[in-house]
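# Working through the structure, step by step
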Amino acid sequence: MRLSSVSFRYSRRGPWVLREVGLALEAGSVVEVTGRNGAGKSTLLRLLAGIVRPSRGSVTGRPRVVGYAPEVFPVEQPFTVAAYLAHLARARRVSPAAGTALAERLGASHLLDQPLGDLSKGSAQKVGLIQSLLAPPGLLILDEPFAGLDEQTRAELPEIIGEVASGGGTVVVSDHQNQLRSFPGAEHWLVADASVTVPDAERVRRTAAGNDRERASRELAEDDRERASREVGDGERARHAVIEVLVGMEEADEVEQKLRADGYLTRRPA
Ligand SMILES: Nc1ncnc2c1ncn2[C@@H]1O[C@H](COP(=O)(O)OP(=O)(O)OP(=O)(O)O)[C@@H](O)[C@H]1O
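Predicted, not measured: the structure shown is a model, and the values here were computed from it. (Residues numbered from 1 in each chain as written. Predicted model: local features only at pLDDT ≥ 70, side-chain atom pairs only at ≥ 80, totals over all residues. Heavy atoms only, no water.)

### Description of the overall build of the protein chain
Per the secondary structure count, the protein chain includes eight helices and nine strands. Among the 270 residues that make up the protein chain, the fraction classed as buried is 43%. Considering only contacts in the protein chain between residues 6 or more positions apart, those separated by 24 or more positions represent 68%. Entry remark: accessible area of the protein chain is about 14900 Å², with carbon and sulfur atoms responsible for 50%. (Helix = DSSP H or I, 4+ residues; strand = E, 2+ residues; numbered from the N terminus. Buried < 20%, exposed > 50% of the residue type's maximum accessible area, 1.4 Å probe, protein only. Contact = heavy atoms within 4.5 Å. Areas by Shrake-Rupley, 256 points an atom, 1.4 Å probe, with all protein chains shown as cover.)

### Let's talk about helix α5 (residues 151-166)
Three or four residues apart is the spacing at which side chains of an α-helix point the same way, because the helix has 3.6 residues per turn. Counted at 1.5 Å a residue, the expected span for α5 with its 16 residues is 22 Å, and the 24 Å between its end C-alpha atoms agrees. Every buried residue belonging to α5 is among Thr 153, Arg 154, Leu 157, Ile 160, Ile 161, Val 164 and Ala 165, and all of these are buried. Tucked inside the fold, the buried residues of α5 contact β3 (30-34), α3 (97-105), α4 (121-133), β6 (139-143) and β7 (170-174). The positive-phi residue at the C-terminal boundary of α5 is Gly 168, with phi of around 95 degrees. (Expected span 1.5 Å × (residues − 1).)

### Topic: the confidence of the model for the protein chain
When pLDDT is averaged along the protein chain, the result is 83; 81% of the residues meet or exceed 70. Low pLDDT (under 50) marks residues 201-221, which in the prediction has 23 contacts with non-local residues, meaning those over four places away or in another chain. (pLDDT = per-residue confidence, 0-100.)

### Structural notes on the sheet that holds strand β1 (residues 2-8)
Strand order in the open sheet made by the three strands is β2-β1-β4, with antiparallel pairing throughout. Here the strands that pair on one side only, and so sit at the sheet edges, are β2 (18-24) and β4 (56-60). Going from strand to strand, the sheet's axes swing by 20 degrees on average, the running direction of each strand aside. Note that β1 and β2 share four bridges and pair antiparallel. Paired with Leu 3 across the strands is Leu 23, a residue of β2. Contacts from helix α1 (residues 41-49) reach β1, β2 and β4 within the one sheet, and its direction differs from that of β1 by about 130 degrees. (Pairing = 2+ DSSP bridges. Axes fitted to C-alpha atoms, helices over the stretch in contact; angles between N-to-C directions.)

### Some details on the packing of α4 against α5
Relative orientation of the contacting elements α4 and α5 amounts to 15 degrees, with a least axis distance of 13 Å. By the criterion of interaxial angle, the relationship of α4 to α5 is roughly parallel. Relative to α5, α4 is oriented so that their crossing is left-handed. Packed against α4, whose contacting residues are Lys 126, Leu 129 and Leu 133, the element α5 presents Thr 153, Leu 157, Ile 160 and Val 164 at the interface. (Parallel < 35°, antiparallel > 145°, perpendicular 65-115°, else oblique. Left-handed = near helix turned anticlockwise from the far one by under 90°.)

### A word on the site of the ligand
The ligand sits among Tyr 10, Val 17, Arg 36, Asn 37, Gly 38, Ala 39, Gly 40, Lys 41, Ser 42, Thr 43, Arg 46 and Glu 71. With respect to the ligand, the side chain of Glu 71 contributes an N or O atom lying 3.2 Å from an oxygen atom. Burial of the ligand by the protein chains amounts to 57% of its free accessible area of 630 Å². Partitioned by chemical class, the residues of the shell around the ligand number three nonpolar, five polar and four charged. (Near = heavy atom within 4 Å. Polar contact = N/O pair within 3.5 Å; in protein donor to acceptor, adjacent residues only side chain to side chain. Nonpolar A, V, L, I, M, F, W, Y, C, P; charged D, E, K, R; others polar.)

Put into structure tokens, the structure is as follows:
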């Protein structure tokens, strides 16, 4: 699947949310999308899912079955959870048992008889997740799935993502909390300034995971030098700064996670 020169804005004269985005997604890959609030993560996910169309550019090669769990699941529907899932199962031509089995796996069996309108935010989120998985998706898009989920479901979710990916499905997860930072083989995209980038620090981490830590940090140092000289050349030095933050070992993961969730590039010495 490919996004070619995709630009998007919500209205004719509105601000561009994304500009000239080019991305390729391999079958079986897992992508975690981070960025500050309002950066455009949900918009990127809606473009990938086909819910909105690019204002310019194109999205090609989208798999036939797309599972999409929105950030806020719409509960204003006059059904019980069971009736809603059974209806969707029929529409998607899968067995009605699929919804029940997923509800059991995600600890949501007790919700089946409840009206959608009575669900708490976390329970609605679970139903949103279940419906996205009813038919095995070729593309699974999860918008902030970890927010509001209980511990058991949080722990189960990476398992489910891994299963979809190993079955050849592509999984894209927007994740402000950076919960998939250590998911094996995951790509990490950062949405900022209407662009989507793969931060340098991630390249180091991924290469390091392949036991090539030394080369990765050499590459980053070269990139840093190149970027610094570019920035000086462009007269942009004043726009960027590198700061070192010294924290206790036990806090390091948490602090790094928070910084990354806010869209900063971070790296740790090899
Ligand atoms: N339906 C809409 N109509 C107009 N503008 C919108 C709409 N949805 C989002 N926006 C605007 O587009 C920009 C990107 O929003 P988006 O929801 O994609 O960001 P996000 O990174 O997912 O943010 P968050 O982490 O807060 O969910 C924001 O400025 C937002 O106000």
